[in-house]
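Examining the three-dimensional arrangement
So you can see what is in the structure, the chains are spelled out below.
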Amino acid sequence: MKQSDVVKMILAEKWQQYPLHSSATAYAPSNIALCKYWGKRNQELNLPLTSSLSISLREKGAHTQLLINDSQDCIQLNGQVLDNAMPFSQKLLRFVNLFRVRGQPYLTMNIHTNIPIAAGLASSACGFAAIAKALNQLFGWQLSARDLSILARLGSGSASRSLWQGFVEWHAGVREDGMDSFAEDLPTAWPELCVGLVMINHQEKALSSREAMQRTVMTSALYSAWPQKVSTDLSLLKRAIVEKDFLHLGKVTESNALTMHATMLSAWPPITYCLPETLTAMQQVWRMRDEGIAVYFTQDAGPNIKLLFLENDIASIRQNFPTIEIICNKQALNMPATTSSNIIPNPP
Ligand code: 2P0
C-alpha cells in the first residue's frame, strides 16, 4: 500500500480537488515523547511497532502559511528561501504532492519554527502537523482530528501526535492500511507540570531518526525487549497522569528514554546521540535527585535533554541549569490562533 492510497481513502471524492481558499495558516506545537516511538512495522506509511505517549511543548512549534502561487513552488523557512532540491524541501514537496495534481497548484510555503531543526526537538513533528492543518484549511476538506493525525503521520510518524496541546497517545494499530494508527489527546490537564529544554548542541543531527530506528530494529539484540517495556510504561504513565503522581511519571519517562538509547547503543554499527555534555547533564539531574529535588530527564534523537519537574521547583532548576528554557503548562494558555484562511471565488 502506498501513501497515496491512504490519502485517497481519507479524502475520497475530495482528493486532488482544487483548493477552496487562496491562503491558509496553521500552528502546531512540538511534542516530546514520555514513552517513545522507536521502530516501524511499515516504512512507507510510518506505522509504528508500538504505541507512544507525548506532552506538547505549547508555544514551541511551527507556524505555517500556504499561499497559492502562479508560477512555482517556493519554500521559506524562518524567512529564508530554500532550494527546492534540498532534502528538507524534497521531503516537504513529496508530502504536499500527495494532495495535488501533477504538482499543481504551485504553493508558497512559509514555515516559521521557534525550535532548532533536526536537533532532537521534534521539528518535523510540528512541521508536518502544521502543514497538514494548513492544507485542510486551504482545500476546505473539513477533516476530523483523527484523519488529520493519519495524514500528518505520512509526513513523519511523530507528527501524528502534534495536533493537540497536553498529553497525547498515538495508538500503534494493527491494520495494514494504518487506518487505526492515529493519535488522540488524553483528557487530563496538569498545569503544574513543567518541561525544561537543556540545549547542548543546536546542530542538525548527522544520523536521521528514521535511519537510526530502522538500524536498531534490524540489528539490536535488545530490541526484542522494547515492545514489552513500552506496554508496561504506557500503563504506568497513564495511571501517573490520572493520579498526578509526578514521581512515577518522572521515573517511568526517564527509564523509557534510557532503555530506548540502550537499544540504539547495542545496534550495529552502534548509535549514540549523546555528547559528553549530555552525560554531564544527566549526572547533574541524578545529583539533584540525591539532594531531594524531584527532577527527571528524557532524551530524543539528539544530544539535548528535556527535564520534567513541577513548578514549585523552578527556582532550584534554574540555579542548576541557568540557560534552561522552561515551558509551563499554566503560562501557555494563550495559544496562537490555530488556523485561518481567505476565501477565493471559484477554482479555474
Ligand atoms: C519520539 N522520536 O517518540 C521518538 C523518540 C525520536 C526519539 O519520533 O521516520 O521524525 O519521520 O516517522 O517521527 C522521531 O522520529 O520519524 C521520533 P519518522 P520521526 O518522539
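So, here is what we can say about the structure in this document. (Residues numbered from 1 in each chain as written. Predicted model: local features only at pLDDT ≥ 70, side-chain atom pairs only at ≥ 80, totals over all residues. Heavy atoms only, no water.)

**Re the packing of aromatic side chains**
- Enumeration over the complete set of coordinates arrives at 8 aromatic pairs.
- When the ring of tyrosine 37 is compared with that of tryptophan 170, the centres are 4.6 Å apart and the planes differ by 70 degrees; the resulting orientation is edge-to-face. You can see tyrosine 37 sitting in the loop between strand S1 (21-35) and strand S2 (40-42) and its partner tryptophan 170 sitting in strand S8 (residues 167-170), a full 133 residues away along the chain. Like tryptophan 170, tyrosine 37 is buried. (Phe/Tyr/Trp six-rings, centres within 6.5 Å; stacked < 30°, edge-to-face > 60°. Helix = DSSP H or I, 4+ residues; strand = E, 2+ residues; numbered from the N terminus. Buried < 20%, exposed > 50% of the residue type's maximum accessible area, 1.4 Å probe, protein only.)

**Quick look at the pairing of S1**
- Burial analysis of S1 places 13 of its 15 residues in the buried class, which makes it a mostly covered element.
- Bridge count between S1 and strand S4 (residues 52-69): 11 bridges; the pairing is antiparallel. Bridged to threonine 25 within S4 is glutamine 65. (Pairing = 2+ DSSP bridges.)

**Quick notes on the sheet that holds strand S13 (residues 325-328)**
- Across the sheet, 4 strands lie side by side as S11-S12-S10-S13; this open sheet has antiparallel pairing. Taken across any chain shown, the strands that pair with only one partner, and hence form the sheet edges, are strand S11 (296-299) and S13. The sheet shows a mean angle of 25 degrees between the axes of neighbouring strands, taken without regard to direction.
- Across 4 bridges, strand S10 (residues 193-198) lies against S13 in antiparallel orientation. Following the sheet pairing, glycine 196 is matched in S13 by isoleucine 326.
- The sheet strands contacting helix H7 (residues 246-265) are S10, S11 and strand S12 (305-310), and the helix crosses S11 at an angle near 35 degrees.
- Contacting S11 and S12, helix H8 (residues 276-290) runs over the sheet at an angle of about 160 degrees to S11. (Axes fitted to C-alpha atoms, helices over the stretch in contact; angles between N-to-C directions. Contact = heavy atoms within 4.5 Å.)

Just distances and angles here, no functional claims.
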